[in-house]
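# Coordinates in review
This is what each chain is made of:
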Amino acid sequence: MSLMRLRRLAPSDLAAFQAYRQDPEVGRWQGWTPWPDAQALAFLQEMASAPLLQPGHWSQLGIADPVSDALLGDVGLFVSADGREAELGFSLAREAQGHGIASAAVRAAVQLLLADTPVQVIHAQTDARNLACLRLLERLGAIQVTRVETEFRGQPCVEFRYELARR
């Protein structure tokens, strides 16, 4: 039995989407900030019908419970304009963390990118303090390629950039 399934986001996901996106612990290491309901609903409507994996654009897919279809989180995928590189990021509701769901979702997203695009390298970048994300990326075979001293939300921090190359 699969731990999750990737699917299109839908307007009906609004309550679940807002619940985890407004949780300060879930958003702690994220580049996004919570949105008002109207903005979140517009985003969900856009992602429900936007073409997937279009070069130069982000695609956001829902991470859903395989039985109930309840939204547990989301995965963002960006394919570069030339189609050779991609970036991914993910968010998961706190109650769904620690069960292998994020690992399964990121693995499925990587497989989707490799199957449906000419992408040669997939990048992920995370705060060095986000240990769960670092472990997940390393478990999936990603290699740390860069260490960047930067600023996040007005505070100095270190970010690590990881790569997974097409074999």
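## Side note on the pairing of strand E4 (residues 85–92)
Pairing of strand E3 (residues 71–79) with E4 involves seven bridges; the strand directions are antiparallel. Each bridged residue has a counterpart across the sheet, and for Val79 the counterpart in E4 is Ala86. The hairpin turn running from E3 into E4, its antiparallel successor, is five residues long, and Gly83 in that turn takes a positive phi close to 75 degrees. Bridge count for E4 against strand E5 (residues 121–127) is three bridges, and the pairing is parallel. The partner of Ala86 across the bridge, within E5, is Ile122. As a crossover connection, the stretch from E4 through helix H4 (residues 101–116) into E5 is right-handed.

## Observations regarding the sheet that holds E5
Taken together, the seven strands give an open sheet; going across it, the order is E1-E2-E3-E4-E5-E7-E6, and neighbouring strands pair in mixed fashion. Each edge of the open sheet carries a strand with a single partner, namely strand E1 (5–8) and strand E6 (143–152). Each strand axis lies, on average, 30 degrees off the axis of its neighbour in the sheet, ignoring direction. On top of the sheet, helix H3 (residues 37–49) reaches E1 and strand E2 (58–64); it is set at about 95 degrees to E2, its chief contact.

Parameters at a glance
Residues numbered from 1 in each chain as written. Predicted model: local features only at pLDDT ≥ 70, side-chain atom pairs only at ≥ 80, totals over all residues. Heavy atoms only, no water. Pairing = 2+ DSSP bridges. Helix = DSSP H or I, 4+ residues; strand = E, 2+ residues; numbered from the N terminus. Right-handed = clockwise from strand over helix to strand, strands pointing away. Axes fitted to C-alpha atoms, helices over the stretch in contact; angles between N-to-C directions. Contact = heavy atoms within 4.5 Å.

The values are spatial; any link to function lies outside them.
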